[in-house]
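Report on the structure
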Amino acid sequence: LVLAVGRVRPLGAPMSQYYLFAIRRADGGVAWEAPLSRTTYAYPTSSYATPTIDPVNRTVMVSSESSLLAFSLADGLFCWEAILNQWIVNACPLVTSGSPGGDLSPQNRVFITDFDGAAGGGSLYCINIDPFDAQKNPYQLGQIVWSSLLPGTSGNTPTYAHGKVFVASTGVQSGAFQASQIRAYPADACEE
């Protein structure tokens, strides 16, 4: 499957609805489509982020306004939603499952940043994507495990290697931009 986000505008309708589409590689036909929870995909409307696949749990994740949404790869059925504090702008979700940098099973996570308009109020979020297990993974699907404030965040997709998450941000102090930073967090031990 090839996954993409697109807009469907019925003839004469004043607003558009965004959908996540799964396109079959073999013939280019639509395998399934899932409406996103909002009528706008991101803010501003020229902001887009690529969907991300969780190969282990067989879901696809996509941002829609301030939510990270997960859908089944098999049929496009809604699986879960994580609601963040701010809108997600130009940032793609990053999953640890199946990662060459170190799968965290049974505690795999997705990482995403939200947008603060360079005001110092955006965050990096760690969200659970593996099934609940009372002893090994005491989080529900889509539950925010931890978050950390980032000074000056917009469109910064995290990266992951060997149990650590890395994310860039622009430092902001008293309303003025400071030197950019790359921050590193342990993926499994940073609850706030």
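What comes next concerns the included structure. (Residues numbered from 1 in each chain as written. Predicted model: local features only at pLDDT ≥ 70, side-chain atom pairs only at ≥ 80, totals over all residues. Heavy atoms only, no water.)

Tallied over the full model, the rule gives four aromatic pairs. Seen in terms of ring centroids, Y19 and F21 are 5.9 Å apart; in terms of plane orientation they differ by 40 degrees. Their pairing is tilted. Between F111 and W146 the ring centres are 5.9 Å apart and the planes differ by 55 degrees, which places this aromatic pair in the tilted class. On the criterion of sequence distance, the pair formed by F111 in strand β9 (residues 109-113) and W146 in strand β11 (residues 144-150) is long-range, its members being 35 residues apart. (Phe/Tyr/Trp six-rings, centres within 6.5 Å; stacked < 30°, edge-to-face > 60°. Helix = DSSP H or I, 4+ residues; strand = E, 2+ residues; numbered from the N terminus.)

Bringing the environment of A161 into the picture now. With respect to the secondary-structure elements, A161 resides in strand β12 (residues 159-161). Note on A161: relative accessible area 29%, which makes it partly exposed. (Buried < 20%, exposed > 50% of the residue type's maximum accessible area, 1.4 Å probe, protein only.)

Strand order in this open sheet of four strands is β8-β9-β10-β11, and the pairing throughout is antiparallel. With one partner strand each, in any of the chains shown, β8 (94-95) and β11 form the two edges of the open sheet. The sheet contact formed by β9 and strand β10 (residues 122-128) spans five bridges and is antiparallel. The partner of F111 across the bridge, within β10, is C126. (Pairing = 2+ DSSP bridges.)

So, about the pairing of strand β2 (residues 17-23). The buried fraction of β2 amounts to five of the seven residues, a majority that puts the element mostly inside the structure. Sheet topology note: the β2/strand β3 (residues 30-35) ladder contains five bridges and is antiparallel. The partner of F21 across the bridge, within β3, is E33. In this structure, the hairpin formed by β2 and β3 is closed by a connection of six residues, where G28 is found at a positive phi of approximately 80 degrees.

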